[in-house]
Amino acid sequence: MSYLDKSLKEIHQALQEGKVTSKELTEEALKRAHEYQEELNSFVTILDDAKEEKVTDNVLSGIPCAIKDNFSTKGVLTTASSNILSDYVPVFDATAVAKLKDAGMVMIGKTVLDELAMGGTGTTGHTGIVKNPWDPTRMIGGSSAGSAAAVARGIVPYALGSDTGDSIRKPAGYGGVVGYKPTYGLVSRWGLFAFASSLDHVGCFAKTVEDAAYVIDNIKGIDEKDMTSFDSSNVNIVDNLNNDVAGKKLFYIKEIVDELKEDKKYYDNFLKVLDYAKELGMEVKEESIDGNILRGIYPSYMAISCAEATSNNSNLTGIPFGNRKDGSTPDEVMINTRTEGFSELIRRRFVIGSFILQKENQEKLFLNAQRIRRLIVDKVTDLFKTYDGCIMPNAGSIAPKFDEEHDRLSDKYLLLENHLGIGNFGGFPSITIPSGLVDNMPVAINITGPIMTDDVVFNIANKLEEKIGFVPLSKKEEK
Amino acid sequence: MYKVTIGLEVHCELQSNSKVFSPAINGYTEAPNSHVAYQDLGFPGILPVANEEAVKRALKVSMAMNCKTPDEIIFDRKNYYYPDLPKGYQITQMTKPVGINGYVDIDVNGEIKRVDIHDTHLEEDTASLDHYDTYSLIDYNRSGIPLLETVTEPCLHSKEEALTFLETYRSLIVYCGVSEARSDKGQMRCDVNVSLSETDELGSKVEIKNINSFYNVGRAIDFEIERQTEILQNGGVVEQETRRLDDETGETFHMRSKVDAVDYKYFIEPNIAPTPVTDEMLEEIRKTIPMLQLDRKRKYMEEYGLSEYDSDVLVKVKENSDFFQECVDLGTDPKKACNWVTGMLMGYLNENEIKIEEVPIKPIMIKELVDLVDAKTISSKQAKEVFECMIESGKEPNVIVKEKGMMQISDDSAIHDIVMEVLKENDEQARSYNPEKTRMIDFFVGQVMKKTRGKANPAKTMEMLKEELSKYGK
């Protein structure tokens, strides 16, 4: 087995002992990136000139990683997988990227996303669709599609992603890797291309809970450039991974899990994980939340995210930067740039967002969506007074085939496929870990906890991961 | 005649070290695009950080205008597309402005009028555009500069009231030390709403946007009153619209109608976490608000008995007024302090086109100078000489008087000795002294002064000479 496929701690040890070099790891990661690019299309940019980094005491030093292409990277093309930014080279680093650079990471590429991070399929980026390494006829999910695929394929041990509705956790589940979205403000959003600011989170993909913990410990922290970031110097995730979880209390939401019952394979997998939790001494209970509120998650998410997105992306006019198209007046320049620069799906979201923000619609659409958001967050926060976390199936099925269509108005879709948005609504720390295979494809569970308890959420996930004993694709094939 | 109703929206750039949501310098520069941070260009991934100093300054003005302050500071986005707006939205305040429901008293020809303030809010300025024949250039130096917009109720009823409000508001801003408020530097800009009506109900509102000087505000109001009067007199209806003023001709032109009004799709800026406004914070700020122009003027007239003219002269520039006040607080007679400040001091400043901060003079020096004259140590003529030396050198009056040997001889016995000496030396004239002949006494005073090199107190000398001459030789 290549050192690249080992845990971050093991790679770090090997680097320190001189068994492998940063250069070798970098070359190996670049080789794999190219090798799988045609099959998976994970990368917008592969950085062939990536240089090895000095190995320090930091576990991340000298180890390659990939960055979602909506993180501003100084001097490195950053497209957000949109034609409007297909030539955009940023002049500054996102804080998360800068922190990884300080830690000594080696960035080997920028990964494909759904255009401007809006989408959950990984099929809408301007450089083409991203495929699932477990089965290339299936999607990996999105929007952090390339990062998920690159980690699932073992091209890099970890990757940065962003999560506005479930954009890290959904594809992590489909790809059989760990996906983490921290408490809102734990990691600075400076330099993350904004989709919906009140819902956007910076997070990561890794093969194990422990690896993800190392990444988050390195990128978290208060940032004077992000007023919503907070001081978390008292939070140490790695150090608390192995605490005893006996006595911890978990709940699952009845109305959502009920939708899973009709499909025994999935339901059994979930029950098995609940049994593991109980074996670890945790209490697991069922809790009920009004189905009408739960059915409101998806529509209110769409309303809020589209509204914020239409405003956040108003900077893309081609005037100060970007792919400017000609026009005889400034208005024409902006209209032409935006018409040609965005795909139809994106324009559709902007029209929806604009409609929602219009004076005559704000009360009914925008403010009501925020009321639903508030209702859900209040309810879950209330439950978190009793519980340490909420444990749920990550999605209603394995990764869909490219031609599969969801009935977006069915309860199954509204509840099972969209409940991860609760984590974004409340800014709750939320982790997705693989929980086994169904039809030879990975399935996953999600644990979401009260804000600022990132360490506890990691701790619970780490203990469950040991019990589950999932083998990632990259290691599986080595055997 | 129609009733004229005017409302004003005044934009004023605030001073601060950095811009309102970015770390770029907030300062004047000749070089375009040199005070620009990533935020000011709207690059993807930027986030705003609210400038605490600018927020406090805005709150200061809000409180000086007797506004109700909010329980927390939050901002809103005003969304629209324009080449001077790099983010595609302007961060402003709509939900909770820094101030609402305030008032400012103005003095319109001696009549005090209360102008109601609808609200005052903090926002960011846009970039500036320079238009040429076939292209335009964008200067982002102005992008993100803190701007305070104050909106009056439609409660002004003449050009004079509107201009008086603007002057008063400008002085309030300057007195609060939050801006130079100079329209020639583009720091103050104004939107004017004018409506005419035969009844007490307001007529159609016509807004004239982005006027760059008070003079032009006056022209716009004049033109609108005339234009709307003509329409109404001819039985027409004034259209509710937005117009612009042509600086060349002083005429206003149609920009857009009410039906074309832009929906700015306001919503709360999600990247700026709400900051609570505490009582302690407000108290801290309140302490820094100085007594304002009109209050000072009233005080000078009522308490110090100064003339309206002198009071106006004193309060015109806050620093001069502060200087005067300190003289008075040190115990100087207000009228004498006023004479020195409005006379010699401001004369000197005007002549040299400098500000009071630029001369090495301190209020305590005026106090000393007045004391020296009061004590008859120096004459008022000498005092002027001392003043001139003082303002150039910054030396204290006592020092100057000593250095120049100006100290008057007021000691009775010393003067008496000299008087007797002079009389003896001019025995003949002294004997023939006739009190009717005033020229004679002047001769003797002149002799005493000659001997003392002008240092003998003239009043005392005169008194003593008269007494001694009347007894001389008898």
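The structure we're discussing is the one just above.
Throughout, a residue's number is its position along its own chain's written sequence, starting from 1. Here every chain gets a letter starting at A, and every ligand a number starting at 1, in the order they are written. Local features are withheld for residues below a pLDDT of 70 in this predicted model, meaning they are given only at 70 or higher, and side-chain atom pairs are given and counted only at 80 or more; totals for whole chains, interfaces and linings count all residues. Water and hydrogen atoms were dropped before computing side-chain values, which therefore reflect all heavy atoms in the structure.

A. Representation of the overall build of chain A. Each helix is a run of DSSP H or I of at least 4 residues and each strand a run of E of at least 2, with the numbering of both proceeding from the N terminus. The helix and strand inventory of chain A stands at 17 helices and 13 strands. The size measure is the radius of gyration over C-alpha atoms, and the globule rule it meets is 2.2 Å times the number of residues to the 0.38 power. In terms of C-alpha radius of gyration, chain A reaches 21 Å, essentially the compact-globule figure of 23 Å for 479 residues. For chain A, the spread of C-alpha atoms along the three principal axes comes to 70 × 55 × 45 Å. Only protein chains enter the area calculation, which uses a 1.4 Å probe; residues under 20% of their type maximum are buried, those over 50% are exposed, and those in between are partly exposed. Counting only residues that meet the buried cut, chain A has 65% of its 479 residues in that class.

B. Region of the structure containing the sheet that holds strand β13 (residues 441–448) of chain A. Residue and element names in this part refer to chain A. Two strands are counted as paired when DSSP detects at least two bridges linking them. Here we have eleven strands laid out as an open sheet, ordered β1-β3-β2-β6-β8-β7-β12-β13-β11-β9-β10, and mixed in their pairing. In this open sheet, the two strands that pair with only one neighbour each are β1 (43–46) and β10 (283–287). Strand-to-strand twist of the sheet, defined as the mean angle between neighbouring strand axes without regard to direction, takes the value 30 degrees. Bridging between strand β11 (residues 389–393) and β13 involves four bridges; their strand directions are antiparallel. Across the sheet, Ile391 pairs through a bridge with Ile447, a residue of β13. Axes here mean lines fitted to C-alpha atoms, for a helix over just the part in contact, with angles spanning 0 to 180 degrees between N-to-C directions.

C. Representation of the pairing of strand β11 (residues 206–211) of chain B. Residue and element names in this part refer to chain B. Here four bridges tie strand β10 (residues 188–197) to β11, and the two strands are oriented antiparallel to one another. Pairing of Asn193 across the sheet is with Glu207, part of β11. As paired strands, β11 and strand β12 (residues 241–245) are joined by four bridges and run parallel to one another. Considered in β12, the bridge of Glu207 is made with Thr242. Handedness of the crossover joining β11 and β12 through helix α4 (residues 214–233) is recorded here as left-handed. We call a crossover right-handed when, viewed with the strands running away from us, the connection from the first strand over the helix to the second turns clockwise.

D. Focus on the sheet that holds strand β4 (residues 89–92) of chain B. Pairing is antiparallel in the open sheet, where three strands are placed in the order β4-β3-β14 (chain B). Every interior strand has two partners, whereas the edge strands, β4 and β14 (267–268) of chain B, have only one. Whether two residues touch is decided by their heavy atoms; if any such pair falls within 4.5 Å, the residues are in contact. Those strands touched by helix α10 (residues 297–312) of chain A are β3 (76–79), β4 and β14 of chain B, and its axis lies near 65 degrees from that of β3(B).

E. Region of the structure containing the interface of chain A and chain B. If you look at the interface, chain A gives 39 residues, while chain B gives 31 residues. Two parts placed together each lose some accessible area under a 1.4 Å probe, and the buried area is that loss summed for both. Carbon and sulfur atoms make up 64% of the area that chain A and chain B hide from each other, which totals about 2700 Å². Any carboxyl oxygen of Asp or Glu within 4 Å of a side-chain nitrogen of Lys or Arg constitutes a salt bridge here. Across the contact surface, chain A and chain B share zero salt bridges. In protein, a polar contact requires one atom able to donate a hydrogen and another able to accept it; more generally it is a pair of N or O atoms within 3.5 Å, and residues adjacent in sequence count only if both atoms are side-chain atoms. Seen at the junction of chain A and chain B, the total is 13 residue pairs in polar contact (both at pLDDT 80 or more). Within the residue set of the side of chain A that touches chain B, elements represented by two or more residues are α10, α11 (330–341), α12 (344–357) and α13 (359–383) of chain A. All amino acids are sorted into three groups, where Ala, Val, Leu, Ile, Met, Phe, Trp, Tyr, Cys and Pro are nonpolar, Asp, Glu, Lys and Arg are charged, and the leftover types, Gly among them, are polar. For the side of chain A that touches chain B, a count of residues per class yields 18 nonpolar, 13 polar and eight charged.

F. Fine view of the pairing of strand β6 (residues 111–124) of chain B. Residue and element names in this part refer to chain B. Pairing analysis gives nine bridges linking strand β5 (residues 99–108) to β6, with the strands arranged antiparallel. Paired with Ile100 across the bridge in β6 is Asp119. Looking at chain direction, β6 and strand β9 (residues 146–152) are connected through seven bridges and run antiparallel. Bridge pairing links Leu122 to Leu148 in β9.

G. Highlighting α10(A). Here α10(A) contains 16 residues, and its C-alpha end-to-end distance of 22 Å stays within 8% of the 22 Å for a straight helix at 1.5 Å per residue. For α10(A), a buried count of 15 out of 16 residues is recorded, marking the element as mostly surrounded by other parts of the structure. Expected helix span is computed as 1.5 Å times (number of residues minus one).

H. Quick peek at empty space enclosed by the protein. Residues and elements named next belong to chain A. Using only the protein atoms, space was sampled on a 1 Å grid; points where a 1.4 Å probe fits but cannot get out form cavities, open sets with protein on both sides within 12 Å along at least five of seven lines form pockets, and lining residues are those with an atom within 4 Å of a point. Grid points are joined across faces, edges and corners, and a volume is the space filled by probe spheres set on the points. Applying the stated criterion across every chain, the model contains seven cavities of 30 Å³ or more. Here the largest cavity defines a volume of roughly 190 Å³. Class assignment for the residues of the lining of the largest cavity results in twelve nonpolar, seven polar and two charged. The computed volume of the second largest cavity comes to approximately 120 Å³. Around the second largest cavity, the lining comprises 15 residues; the ones closest to its centre are Asn394, Ala395, Ser397, Val443 and Ala444. When residues of the lining of the second largest cavity are traced back to their parent elements, those giving at least two are α5 (169–175), α8 (264–279) and β13.

I. A look at a nonpolar patch on the surface. A surface patch of nonpolar side chains, amounting to about 310 Å² of accessible area, comprises B:Tyr132, B:Tyr135 and B:Leu137. Tracing the sequence through the fold places B:Tyr135 in the loop between β7 (128–131) and β8 (136–139). Two distance rules govern patches: like charges are joined within 9 Å, and nonpolar side chains (Val, Leu, Ile, Met, Phe, Trp, Tyr) within 5 Å, applied only to residues with over 30% relative accessible area and no salt bridge. Per-residue and other accessible areas follow the Shrake-Rupley method at a 1.4 Å probe size, with only the shown protein chains counted as cover for residues.

J. Representation of unusual backbone geometry within the structure. In this structure, the amide linkage connecting A:Gly142 to the following residue, A:Ser143, adopts the cis form with an omega of 10 degrees. Topologically, A:Ser143 is positioned in the loop between β5 (135–139) and α4 (145–153). The backbone of A:Asn41 sits at a positive phi, close to 60 degrees, despite the residue not being glycine. Tracing the chain through its elements places A:Asn41 in the loop between α2 (22–40) and β1. Of the residues examined, A:Asn41 reaches a relative accessible area of 12% and is grouped as buried. Its identity is not glycine, yet B:Glu353 carries a phi of approximately 50 degrees, on the positive side. For B:Glu353, the location among the structural elements is in the loop between α9 (334–352) and α10 (363–374). Residue classification places B:Glu353 among the exposed residues on the basis of a relative accessible area of 73%.

K. Focus on the nonpolar core. By size, the foremost hydrophobic cluster in this structure holds 170 residues, and its most contacted members are A:Ile108, A:Leu160, A:Ile391, A:Ile431, A:Phe458 and A:Leu464. Among the elements that make up this core, the one with the highest residue count is α10(A) (nine residues). Residues contacting A:Leu160, with those up to four places away along its chain left out, are A:Ala66, A:Ile67, A:Lys68, A:Phe71, A:Ala96, A:Val97, A:Leu100, A:Ser147, A:Gly203, A:Cys204, A:Val215 and A:Ile219. In terms of nonpolar packing, the next biggest core, distinct from the first, is built from 97 residues, B:Val20, B:Tyr169, B:Leu349 and B:Met365 among them. Here the nonpolar core consists of buried residues drawn from Ala, Val, Leu, Ile, Met, Phe, Trp, Tyr and Cys, with membership extended through side-chain atoms lying within 4.5 Å.

L. Summary view of the environment of A:Gly423. All names here are of chain A. Within the secondary structure, Gly423 sits in helix α15 (residues 421–426). Between the C-alpha atoms of Gly423 and Leu199, which are 224 residues apart in sequence, the distance is 8.9 Å. Discounting chain neighbours no more than four positions away, the residues touching Gly423 are Arg169, Lys181, His201, Phe428 and Thr448.

M. How the structure looks around the layout of surface pockets. Residues and elements named next belong to chain B. Approximately 1600 Å³ is the volume attributed to the second largest pocket. Where the lining of the second largest pocket is concerned, the elements lending two or more residues are α2 (52–64), β5, α3 (159–175), α6 (293–302), α7 (308–316), α8 (318–329) and α9. Counting the residues that make up the lining of the second largest pocket, at least three belong to each of domain 1 (3–282) and domain 2 (291–403). Just so you know, the domain bounds were taken from an automatic or database domain assignment.

N. Broad picture of the pattern of salt bridges. Scanning the entire structure with this criterion turns up 60 salt bridges over all chains. One salt bridge connects A:Asp135 with A:Arg138, and the closest N-O pair in it is separated by 3.1 Å. Here A:Asp135 matches A:Arg138 in class, with each residue buried. The closest approach of N and O atoms between B:Asp105 and B:Arg114, which form a salt bridge, is 2.9 Å. The structure contains a network of salt bridges with shared partners spanning B:Asp107, B:Lys297, B:Glu308 and B:Asp312.

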